[in-house]
Amino acid sequence: MRRNLADGYELDDDKARIDREAVHRYLSEESYWAKGRSREIVDALVENAARVVGLYHDGRQVGFSRTHSDGHTMSYLADVYVLEGHRGRGCGVELVRFSVDEGPLAKTRWYLHTADAHDLYRKFGFGKPGPRALER
């Protein structure tokens, strides 16, 4: 499933299109939640995900999300990021919307953990957070 956004951005949930090296680089080197994660683990997580979404700009991957799900009742949103040079354009909001509200898992109960993006996820119905967990 694909969706075009403004200014040459595109969302796509084609697992084969994910640039796993780019995802590994961001998660293992820049993220606070997956620093040091091995390439083998990233590959396994992408491969076994219920859904992955890439954010692309002019064909280059600049964002990502991964969903783990039982496919029926619950889904867990993980590893969401947009590269710094592409932030502030609403791409993160659209990435989360596409991941959570669109597609085959939209009607499941959603969970996520975050230390810093509570305001973003509140826009999608995630409740008041505990120390780190949000539920919708």
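Refer to the preceding data block for the structure.
Residues numbered from 1 in each chain as written. Predicted model: local features only at pLDDT ≥ 70, side-chain atom pairs only at ≥ 80, totals over all residues. Heavy atoms only, no water.

What to know about the overall build of the protein
Short version of the rule: Labels follow the DSSP assignment, with helices taken as runs of H or I lasting at least four residues and strands as runs of E lasting at least two, numbered in each case from the N terminus. Burial status follows relative accessibility: with a 1.4 Å probe on protein chains alone, a residue under 20% of its type maximum counts as buried, one over 50% as exposed, and anything between as partly exposed. Any two residues having at least one pair of non-hydrogen atoms within 4.5 Å are treated as being in contact. Computed with the Shrake-Rupley method and a 1.4 Å probe, the accessible areas treat only the protein chains shown as cover for residues.
Counting its regular elements, the protein contains 4 helices and 7 strands. Each helix and strand of the protein, placed in order from N terminus to C terminus, yields the pattern β-β-α-α-β-β-β-α-β-α-β. Looking at the protein as a whole, 44% of its 136 residues qualify as buried. Looking at the protein alone, contacts between residues at least 24 apart form 53% of all its contacts between residues at least 6 apart. For the protein, the accessible surface area stands at approximately 7200 Å², while carbon and sulfur atoms represent 48% of it.

Things to note about the side chain of His24
The criterion, for reference: What qualifies as a polar contact is a pair of N or O atoms within 3.5 Å, subject to a donor-acceptor requirement within protein and to the restriction that residues adjacent in sequence count only when both atoms come from side chains.
Summarising the element assignment, His24 is placed in helix α1 (residues 20-29). Classification of His24 by relative accessible area gives buried; the value is 14%. Among the polar contacts made by the side chain of His24, one reaches the main-chain amide nitrogen of Arg39 at a distance of 3.2 Å. Setting aside chain neighbours within four positions, we find His24 in contact with Glu29, Arg37, Ser38, Arg39 and Val42.

Quick word on the side chain of Thr108
Position of Thr108 among the secondary structure elements: in the loop between α3 (91-100) and β6 (109-113). For Thr108, the side chain forms a polar contact with the side chain of Ser75, separated by 2.7 Å. Within polar-contact distance, the side chain of Thr108 engages the side chain of Trp110 at 3.5 Å. If near-sequence neighbours (up to four positions away) are discounted, Thr108 is found in contact with His72, Thr73, Met74 and Ser75.

Quick word on the pairing of β6
Quick note on the threshold: Only strands joined by at least two bridges in the DSSP assignment are considered to pair. By convention, orient the strands away from the viewer: a clockwise path from the first strand over the helix to the second makes the crossover right-handed.
Side chains of β6 alternate between two faces, with Trp110 and Leu112 buried and Arg109, Tyr111 and His113 left unburied. As defined by bridge partners, strand β5 (residues 74-82) adjoins β6 across 3 bridges and the pair is classed as parallel. Bridge pairing in β6 places Tyr76 opposite Tyr111. Each parallel crossover has a hand, and the one from β5 via α3 to β6 is right-handed.

Description of unusual backbone geometry
Even without a glycine there, the phi angle at Asp7 is positive, about 60°. Summarising the element assignment, Asp7 is placed in the loop between β1 (2-4) and β2 (9-12).

Remarks on the packing of aromatic side chains
We count it as follows: Stacked, tilted and edge-to-face are the three classes assigned to paired rings of Phe, Tyr and Trp, where Trp is represented by its six-membered ring and a pair needs centres within 6.5 Å; plane angles under 30 degrees give stacked, over 60 edge-to-face, the rest tilted. Here, a charge over a ring means that NZ of Lys or CZ of Arg falls within 6 Å of the ring centre while also lying within 35 degrees of the ring normal.
Taken as a whole and judged by the stated rule, the model has 4 aromatic pairs. Here Tyr26 and Tyr81 contribute two aromatic rings whose centre-to-centre distance is 4.0 Å and whose plane-to-plane angle is 15°, an arrangement assigned as stacked. Taken together, the residues Tyr26 in helix α1 and Tyr81 in strand β5 connect sequence positions 55 residues apart. The residues Tyr26 and Tyr81 share a single accessibility class, namely buried. For the pair Tyr32 and Trp33, a centre-to-centre distance of 5.1 Å together with 85° between the ring planes defines the contact as edge-to-face. By relative accessible area, Tyr32 is classed as partly exposed at 40%. Taken together, the ring pairs in this structure connect Tyr26, Tyr32, Trp33, Phe64 and Tyr81 into an aromatic cluster. For Arg17, the ring lying beneath its charged end belongs to Tyr56, and the centroid distance is 3.8 Å. Above the face of the Phe98 ring, Arg51 is positioned so that its terminal group lies 4.7 Å from the ring centre.

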